[in-house]
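Take a look at the letters that make up each chain.
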Amino acid sequence: VKRIDFYDNGRTGVVSLSVGGRAQQLVCELPGATQSLLDRLQQKNVQVEVHVPEKPNPLFNVLGDIAFPLIVIAGLLFLRSQAPGGGGGIPGMGGQKKE
């Protein structure tokens, strides 16, 4: 084993190793990177890299939460303005009165 990269808070490891003179990469699911595992890897002179997940921008989350309802409301208002008769309201209700 030449190198290991930890992703997803230590739950996924990508191992670079050499088997029969051929370089290979293996993806491993780990229950969690413990300190003893890291110590053993460092004793064997294995390069260890930890990749921290990127945190999403909270501004984009707020915009996404607001944008969808606004688009739906704007679409409904547009459809109402395009309805014949200019009124709108609930379809099938309040049409012609029976005598």
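Note that the structure is predicted; figures quoted are calculated from it, not measured.

**Student:** Requested: an account of the sheet that holds strand 2 (residues 12–19), with residues and values cited.
**Tutor:** Hydrogen bonds between backbone groups are what pair the strands of a sheet, and the pairing can be parallel or antiparallel. Read across the sheet, four strands follow the order 3-2-1-4 without closing on themselves; strand pairing throughout is mixed. Both edges of this open sheet fall to strand 3 (22–29) and strand 4 (47–50), since each of them pairs with a single strand only. Across the sheet, the mean angle from the axis of one strand to that of its neighbour is 20 degrees, orientation sign disregarded. In this sheet, strand 4 lies alongside strand 1 (residues 3–7) in parallel orientation, the contact comprising four bridges.

**Student:** An account of the pairing of strand 2 is needed here, citing residue identities and associated values.
**Tutor:** In terms of residue burial, strand 2 counts as a mostly covered element, since six of its eight residues are buried. Following strand 1, the chain reverses through four residues before pairing antiparallel with strand 2; Asp8 in that reversal takes a positive phi of roughly 55 degrees. Strand direction decides the pairing type here: strand 2 and strand 3, joined by eight bridges, are antiparallel. Within the sheet, the bridge partner assigned to Ser16 lies in strand 3 and is Gln25. Here strand 2 folds back onto strand 3, and the loop between the two strands holds two residues, one of which, Gly20, carries a positive phi near 65 degrees.

**Student:** Which residues make up the side chain of Thr12, and what are the values?
**Tutor:** Relative to the helices and strands, Thr12 is located in strand 2. Looking at Thr12, the relative accessible area reads 14%, which means it is buried.

**Student:** Tell me about the nonpolar core, and name the residues and values.
**Tutor:** Counting residues in hydrophobic clusters, the biggest one holds six residues: Ile4, Phe6, Val15, Leu17, Leu41 and Val46. Secondary structure elements with two or more residues in this core: strand 1 and strand 2. Ignoring sequence-local partners within four residues, the contact set of Val15 consists of Val1, Arg3, Ile4, Gln24, Gln25, Leu26 and Cys28.

Cut-offs and rules
- Residues numbered from 1 in each chain as written.
- Predicted model: local features only at pLDDT ≥ 70, side-chain atom pairs only at ≥ 80, totals over all residues.
- Heavy atoms only, no water.
- Pairing = 2+ DSSP bridges.
- Helix = DSSP H or I, 4+ residues; strand = E, 2+ residues; numbered from the N terminus.
- Axes fitted to C-alpha atoms, helices over the stretch in contact; angles between N-to-C directions.
- Buried < 20%, exposed > 50% of the residue type's maximum accessible area, 1.4 Å probe, protein only.
- Core = buried A, V, L, I, M, F, W, Y, C linked by side-chain atoms within 4.5 Å.
- Contact = heavy atoms within 4.5 Å.

These figures come from the coordinates and say nothing about function on their own.
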